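# A look at the structure
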Amino acid sequence: MKEESTRTEKLLVTRRELGQLGLGLVLAAGGVSLAAQRAGAEDEQMVNEIAENAPLLQALAYVAKSPIPESNCANCAVYLGGAAPKGKCALFQKGLVSAEGHCTSWSKKA
């Protein structure tokens with residue numbers, strides 16, 4: 001019988017420990033929420049406004065206004081923005097491209 005009561009005592013959680021656990025969970029949830037807001041803000045910026053995109057922008061020679069009128073992001077196969085004036089491009093993880101933009105990876109939409 002002593003063995004069972006010892007096991008029960010080991011499983012008890014004090015109010016202080018429970019409060020600390022609750023506080024930890026609340027802080028963790030708040031951190032996730034802040035990270036999601038920051039990620040959302042990056043998704044609304046243009047690709048050329050995000051510093052970490054600079055090497056890829058240079059490699060693809062991306063410009064916000066295409067020098068070739070019939071060849072722009074809006075009619076490119078990797079443009080995910082539909083008819084919107086700016087939208088996501090499959091080549092960039094963060095940011096939006098201009099529908100009027102152009103890069104060396106342009107490929108005619110089927």
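Procedures and definitions
- Residues numbered from 1 in each chain as written.
- Predicted model: local features only at pLDDT ≥ 70, side-chain atom pairs only at ≥ 80, totals over all residues.
- Heavy atoms only, no water.
- Helix = DSSP H or I, 4+ residues; strand = E, 2+ residues; numbered from the N terminus.
- Contact = heavy atoms within 4.5 Å.
- Buried < 20%, exposed > 50% of the residue type's maximum accessible area, 1.4 Å probe, protein only.
- pLDDT = per-residue confidence, 0-100.
- Core = buried A, V, L, I, M, F, W, Y, C linked by side-chain atoms within 4.5 Å.
- Salt bridge = Lys/Arg side-chain N within 4 Å of Asp/Glu carboxyl O.

## Focus: the side chain of Asn-72
Relative to the assigned elements, Asn-72 resides in the loop between helix H3 (54-60) and strand E1 (86-87). Apart from residues no more than four positions distant in its own chain, Asn-72 is found in contact with Ser-66, Ala-99, Glu-100, Gly-101 and Trp-106.

## Thoughts on unusual backbone geometry
At Ala-61, a position not held by glycine, the phi torsion is positive, near 55°. Residue Ala-61 is classed as partly exposed on the basis of its relative accessible area, which comes to 42%.

## Some points on the confidence of the model for the protein
Across the protein, the average pLDDT comes to 80, with 65% of residues at 70 or higher. Confidence, read as mean pLDDT per element, is least for helix H1 (residues 2-11) in the protein (55) and greatest for strand E2 (residues 97-98) (96). Note on residues 33-39: pLDDT is under 50 here. Beyond four places in sequence and across chains, it has zero contacts.

## Re the nonpolar core
Val-47, Leu-57, Leu-60, Tyr-62, Cys-73, Cys-76, Tyr-79, Cys-89, Phe-92, Val-97, Ala-99 and Cys-103 form the largest nonpolar core, which has twelve residues in total. Excluding its chain neighbours within four sequence positions, the residues that come into contact with Phe-92 are Val-47, Asn-53, Leu-56, Leu-57, Leu-60 and Val-97.

## Some points on the pattern of salt bridges
Tallied over the entire structure, the rule returns two salt bridges. The partner of Glu-52 in a salt bridge is Lys-94, and the shortest N-O contact between them spans 3.2 Å. Separated by 42 residues along the polypeptide, Glu-52 in the loop between helix H2 (15-44) and H3 and Lys-94 in the loop between E1 and E2 bring together distant segments of the chain. For Glu-52, a relative accessible area of 53% gives the class exposed. Given a relative accessible area of 24%, Lys-94 falls into the partly exposed group. Here Lys-65 makes a salt bridge to Glu-100, at a shortest N to O gap of 3.7 Å. One end of the pair, Lys-65, is in the loop between H3 and E1; the other, Glu-100, is in the segment after E2, with 35 residues separating them in the sequence. For Glu-100, a relative accessible area of 45% corresponds to the partly exposed category.

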